[in-house]
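# Inside the fold
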Amino acid sequence: MENHPLYTRVQVALDSIRPYLIADGGNVEIVEISTDNILKLALVGNCQSCNMSAMTFRAGIEEAIKREVPEIVSVEEIKDL
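Everything numeric in this text was worked out from a predicted model, so none of it was measured.

Each value, and the rule that gives it
- Residues numbered from 1 in each chain as written.
- Predicted model: local features only at pLDDT ≥ 70, side-chain atom pairs only at ≥ 80, totals over all residues.
- Heavy atoms only, no water.
- Helix = DSSP H or I, 4+ residues; strand = E, 2+ residues; numbered from the N terminus.
- Expected span 1.5 Å × (residues − 1).
- Bend = angle between axes of the 7 residues up to and from the residue.
- Buried < 20%, exposed > 50% of the residue type's maximum accessible area, 1.4 Å probe, protein only.
- Contact = heavy atoms within 4.5 Å.
- Pairing = 2+ DSSP bridges.
- Right-handed = clockwise from strand over helix to strand, strands pointing away.

### With respect to helix α1 (residues 7–23)
With 17 residues, α1 ought to run about 24 Å at 1.5 Å a step, and its terminal C-alpha atoms sit 24 Å apart, in line with that. When the local axis directions of α1 are compared, the greatest deviation, roughly 45 degrees, occurs at Ile17, which is followed within four positions by the proline Pro19. Listed in full, the buried residues belonging to α1 are Tyr7, Val10, Gln11, Ala13, Leu14, Ile17, Arg18 and Leu21. Next to the buried residues of α1 lie β1 (26–33), β2 (38–45) and α2 (53–68). Phi for Gly25, located one or two positions after α1, is positive at around 85 degrees.

### Remarks on the pairing of β2
Along any regular strand, the residues point their side chains to alternate faces of the sheet. In terms of residue burial, β2 counts as a mostly covered element, since six of its eight residues are buried. Across seven bridges, the pairing between β1 and β2 is antiparallel. Considered in β2, the bridge of Asn27 is made with Val44. Hairpin connection between β1 and β2: a loop of four residues separates the two successive antiparallel strands, and Asn37 in this loop has a positive phi of roughly 65 degrees. In the classification by handedness, the crossover that spans β2, the intervening α2 and the parallel strand β3 (residues 74–77) is right-handed.

Structure below.
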C-alpha cells in the first residue's frame, strides 16, 4: 500500500488533522487505497467509540483529504478491524 502513488499525499493530509484526534486520545489509519482511488480508513483509540466520530470523519478527515488529494474518489470508514 505504501507504494501507491497517492499514499504520501494522503498521509500528509491526515497529518494535518491528526493533532486534533490525538488530543482526544484517538487517531486514524490508512487501511487501503484501491487501484481506483477509493481510500479506506479506520478510526482508532477513543475515536472508535466517540459519539462525534461520524461528524469528525466527514467534516474533518474526509474534507482534509479531498482538499489535499482530489484524485481520491471516495473515503470510506472501516469499522471493526
